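Residue strings, one per chain:
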Amino acid sequence: MSSKWKGAYDSGRKYHKEWESEFLWLRKVDDSSDKAYCKYCGLTLLARKSSLKQHENSEKHKQKAPCKNVGQLNVVTTPREKRATSKEKEADIRLSVYVACHTALRTIDHLTDMINELGENSIFGSMRLHRTKCVCLIKNVISPALKLELKKAVIGKKFVLMVDESTDVSAQKLLCVTISFRHDKEGIQSAYLGLIPVIETNADSLFSALEMALMNYDMHLENCIGFASDGASVMVGVNNSVWTRVKVKSPDCVQMKCICHSLALCIQHAFEKLPSNIGFLLKEIPTWFSKSGLRRERFTHVFDAINADNDLESGKSHPSPFMKTSQTRWLVRGKVMFNILLNWDELVGYFTIAEVESKVDSRFKARMIKEMMQDVSNRLIFQFATPIVQEFERVNAMFQSEKADPHSLMNQLDMLQKSLRGRLYNAAGSKKPIEECDFGYKFIHEMQIYVDSILDENNRGRELQKMINLKIRCHNMLDEAMQQVEKRLPPSMDIFKGLSSLSPNIVLSQVDRAKFEELPSKHLMGQHCEAIEEQYRRLLFVMWNDEPAFKKTGLPTDTVTFWEGVCLTPGFKELAQYALTCLITPFSNAGIERVFSVVNATKTKQRNKLGLDSLDAIIRIKAHLFFKGKCCKQFKVTQEMLHLFTSRMYETSSIEDNAELMDSWFTMKSL
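Quick summary incoming for the structure in this document. (Residues numbered from 1 in each chain as written. Predicted model: local features only at pLDDT ≥ 70, side-chain atom pairs only at ≥ 80, totals over all residues. Heavy atoms only, no water.)

Details of the sheet that holds strand β3 (residues 43-45)
Cut-off, in case you're wondering: Pairing between strands requires that DSSP locate at least two bridges from one strand to the other. Secondary structure elements follow DSSP: runs of H or I of four or more residues count as helices, runs of E of two or more count as strands, with numbering from the N terminus. Axes, fitted as lines to C-alpha atoms, cover a helix only where it is in contact. Angles between the N-to-C directions of the axes lie from 0 to 180 degrees.
Spatially, the 3 strands line up as an open sheet ordered β1-β2-β3, and their pairing is antiparallel. Two strands close off the open sheet at either side, each with one partner strand: β1 (26-28) and β3. Ignoring which end each strand starts from, the neighbouring axes of this sheet average 35° apart. Inspection of the sheet shows β1 paired to strand β2 (residues 36-38) by 3 bridges, in the antiparallel sense. Across the sheet, the residue bridging to R27 is Y37, located in β2.

Okay, structure coming up:
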């Protein structure tokens, strides 16, 4: 038989579902190919029964299987599991949560042995928790229980989708989906739905993956009132994107482009108007020190020598760290610029010495950096640009907060836009002459000192022209920053302006209060529109400080807290529920970006074989704790988890199957 014919013959083989009853470690691969997958070994196999039998008898498979006869897992339980109490199960679950949050799965083998030794004659002395059991608890007990808990909480609720796509360390493309919704008992909550593998990142594939994620929770896009993502065209394009498909399913859905992304892009485009050597300094100075402890030590000596006579009140008691700039870390550029500016004189002294003492391949770069830093123009640009970049990053940081108030955020965006416009335009709306523009006191003061220090008339004229050209470059940066803000932020500002009208400072004001027809998202009122309108009229005539919800704490300034209290007041339930539904709108995509940061911290180069099921279960536990603002020490073990904690968790049934079994048990128990 020729190898070519054999390959064509094997490629046509089909995966048979009935094999799973004979080979309990078997399942079909997640992609569209007809191949088999061993859950214990993490290997992809040919869909051929002889190959499966050969693999089952291999030494590698026997070592990784939970026991010698895998089939016994269906019917046999260990002696301890037969007599395990609820407290013992709870201890195993909580320790598994700790492992999922803070360490690699393999470490549980050593940790449990140490706990047994140190906890002799206690509940921990008989603990039998090792890698196989820990993985099963995470994948088939804790994760499906959290999933079912969320499924029960979101059923029939309005929600906002937050979606992003990225690639993990093993080059697997993943779509991450999170939501924001109002929990009946815990108020407005963010929740993680799942990581979904995608082969292609076109609009059709991403939308299908999104629908699959919602289907797992019995959620429907018709209940989606907001869609948040980054500004990628495949996500939010006007013609052929995920957003256009969501809009077909939910016509009243509102698009929320991430303001953090927008602010970062605004300052990025504005920064490109500055000379290129500014970007060179921002990149090369941190890089110079990043991988050399010797260079850092030498800079410390130079710093101490220059500041030997200075007191500690100068704010420069030790060298500032030189972190690197990054396109994906939105709050770094301003810190890097500030650190370089703070240590400017010390850096000039260091690179003057480094030019002489460095190796041949580094001297040229040291000389370039030294000459650039000796140029007063570059220092003046840093004096001008650093406060602007830091102001953008300050506003950006506010939008990354999970508990920010929409009224406060609206004011911050409005002040940022007005501040930029006020530096370039007068009160009549006309553009100021360049000499009247507001470049900042420090920049103008340092420039004047430099010009006054030039005594040679020939050089003075040349340097004055150089300063005029410098002002033009800085003016271009200001103008570009203002144009980018006015181009990118108005749609988001309109949404926050509507939400701002629900602030207690506004809604209880006789002067600033919005008209009923100006309230946001009136389609959310549904059939209660008339009742909500009447309650909105009566809202002004209640002494809210005397109501039971606010009598002890006083009237809150936070919008969500205010409406949660109003919801408890008789006669205002429909209005409060409408307001709280509006307020589930996310401030940014920072939450889902944090989830991907957790993914990258969990699936590292050393753990690049971590399966998607295990990764998804670990991320679900971490995200559950993060969105609730808790640590693993505060994790609560539920009755659903204890019910799932049986020998069945070792079986090869999927997490979804376990969730269905638990759901049916939970329903029967409630009858």
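Things to note about the packing of helix α9 (residues 203-215) against helix α11 (residues 242-249)
The condition is simple: The scheme is simple: roughly parallel for angles under 35 degrees, roughly antiparallel for over 145, roughly perpendicular for 65 to 115, oblique for anything else. Take the far helix as the reference: if the near one is turned anticlockwise from it by less than a right angle, the crossing is left-handed, and if turned clockwise, right-handed. We call two residues in contact whenever any of their non-hydrogen atoms come within 4.5 Å of each other. Throughout this entry, Asp, Glu, Lys and Arg are counted as charged residues, while Ala, Val, Leu, Ile, Met, Phe, Trp, Tyr, Cys and Pro are counted as nonpolar. The remaining residues, Gly among them, count as polar.
Look at α9 against α11: their axes get within 9 Å of each other, and the N-to-C directions meet at 50°. Considering the angle they form, α9 stands oblique to α11. You can see that α9 and α11 cross each other, and the crossing is right-handed. Each of A203, D204, L206, F207, L210 and E211 in α9 lies in contact with α11, whose residues at this interface are V242, R245, V246 and K249. Grouping the constituent residues of the contact of α9 with α11 by class yields 6 nonpolar, no polar and 4 charged.

Digging into the sheet that holds strand β4 (residues 159-167)
Note: strands within a sheet are paired through backbone hydrogen bonds, in either parallel or antiparallel orientation. Ordered by their spatial adjacency, 5 strands build an open sheet running β6-β5-β4-β7-β8, and the pairing between neighbours is mixed. The open sheet is flanked by β6 (187-197) and β8 (254-257), the only strands paired with a single partner. On average, each strand axis in the sheet is tilted by 20° relative to the strand beside it, whichever way the strands run. Here β4 pairs with strand β7 (residues 224-229) via 4 bridges, running parallel. Considered in β7, the bridge of M162 is made with A228.

Re the nonpolar core
Heads up, the condition is: In this description, a nonpolar core means a group of buried Ala, Val, Leu, Ile, Met, Phe, Trp, Tyr and Cys residues linked to one another through side-chain atoms lying within 4.5 Å. When accessible area is computed with a 1.4 Å probe and restricted to protein chains, residues below 20% of their type maximum are described as buried, those above 50% as exposed, and intermediate ones as partly exposed.
By size, the foremost hydrophobic cluster in this structure holds 152 residues, and its most contacted members are I93, I285, F351, F392, M477 and W563. With 10 residues, helix α18 (residues 376-399) is the single largest residue contributor to this core. Once residues lying within four places of it in the same chain are set aside, the contact partners of M477 are I267, A270, F271, K273, L274, F384, A385, I388 and V389. Listed in part, the 31 residues of the second largest apolar core include F181, A191, I196 and A213.

Topic: the environment of L195
Relative to the helices and strands, L195 is located in strand β6. With a relative accessible area of 7%, L195 lands in the buried category. Distance from L195 to V177, taken between C-alpha atoms, is 6.8 Å for residues 18 residues apart in sequence. Not counting residues within four places of it along the chain, the set of residues in contact with L195 comprises L174, L175, C176, F596, V599, L612, L615, D616 and I619.

Quick look at the side chain of S229
Summarising the element assignment, S229 is placed in strand β7. A relative accessible area of 0% places S229 in the buried class.

As for empty space enclosed by the protein
Threshold: Note on definitions: the grid is 1 Å and covers protein atoms alone; a cavity is a set of points where a 1.4 Å probe fits but cannot get out; a pocket is an open set with protein on both sides within 12 Å along at least five of seven lines; lining residues have an atom within 4 Å of a point. Grid points are joined across faces, edges and corners, and a volume is the space filled by probe spheres set on the points.
Taken as a whole and assessed by the stated rule, the structure comprises 1 cavity of 30 Å³ or more. As a volume, the largest cavity reaches approximately 240 Å³. The wall of the largest cavity is formed by 17 residues, among which L146, L150, A191, H624 and K628 lie closest to the centre. Of the residues forming the lining of the largest cavity, the biggest block, 5 residues, is contributed by helix α8 (residues 131-154). Looking at the lining of the largest cavity residue by residue, the classes come out as 9 nonpolar, 4 polar and 4 charged.

Quick notes on unusual backbone geometry
Backbone geometry places D218, a non-glycine residue, at a positive phi of 55°. Residue S521 is not a glycine yet carries a positive backbone phi of 50°. Relative to the helices and strands, S521 is located in the loop between α23 (504-507) and α24 (529-538).

What to know about the environment of M482
Looking at where M482 falls in the secondary structure, it is placed in helix α21 (residues 457-488). Between the alpha carbons of M482 and S419 there is a distance of 9.1 Å; along the sequence they are 63 residues apart. Once you skip the residues sitting within four places of it in the chain, M482 turns out to touch L420, R421, L424 and Y425.

Examining the pattern of salt bridges
Short version of the rule: In the sections that follow, a salt bridge refers to a side-chain nitrogen of Lys or Arg positioned within 4 Å of a carboxyl oxygen of Asp or Glu.
For the structure on display, the rule yields 24 salt bridges. Here E22 ties to K49 by a salt bridge, and the two come within 3.1 Å at their closest N and O atoms. A residue pair is termed long-range when its members are at least 10 positions apart, and E22 in helix α2 (residues 19-22) and K49 in helix α3 (residues 49-56) qualify at 27 residues. Of the residues examined, E22 reaches a relative accessible area of 41% and is grouped as partly exposed. Ionic pairing is found between R394 and E391, a salt bridge with its closest N-O pair at 2.8 Å. On the criterion of helical spacing, the pair formed by R394 and E391 is a turn pair, its members being 3 residues apart in helix α18. For R394, a relative accessible area of 37% puts it in the partly exposed group. Linked by salt bridges that have partners in common, E533, E534, R537 and R538 make up one network.

Notes on the pairing of β6
Burial runs high along β6: 9 of the 11 residues are buried. Across 10 bridges, strand β5 (residues 173-183) lies against β6 in antiparallel orientation. By the bridge assignment, T178 is partnered in β6 with Y192.

Structural notes on the packing of aromatic side chains
Put simply, the rule is: In this analysis, rings of Phe, Tyr and Trp, with Trp reduced to its six-membered ring, are considered paired at centre separations within 6.5 Å, and the interplanar angle assigns stacked below 30 degrees, edge-to-face beyond 60, and tilted for intermediate values. Our definition puts a charge over a ring when NZ of Lys or CZ of Arg is within 6 Å of the ring centre and also within 35 degrees of the ring normal.
Scanning all chains against the criterion turns up 21 aromatic pairs. When the ring of W288 is compared with that of F351, the centres are 5.4 Å apart and the planes differ by 65°; the resulting orientation is edge-to-face. You can see W288 sitting in helix α13 (residues 276-290) and its partner F351 sitting in helix α16 (residues 344-357), a full 63 residues away along the chain. Both residues of the pair, W288 and F351, count as buried. Pairing F289 with F351 gives two aromatic rings, centres 6.1 Å apart and planes at 65°, and the pair type is edge-to-face. Here the residue F289 occupies a position in helix α13, and F351 occupies one in helix α16, the gap between them amounting to 62 residues. Judged by relative accessible area, which is 1%, F289 ranks as buried. Members of the aromatic cluster, connected to one another through ring pairs, are W288, F289, F299, F303, Y350 and F351. Here R295 stacks its cationic end above the ring of W288, 3.8 Å away from the centre of that ring.

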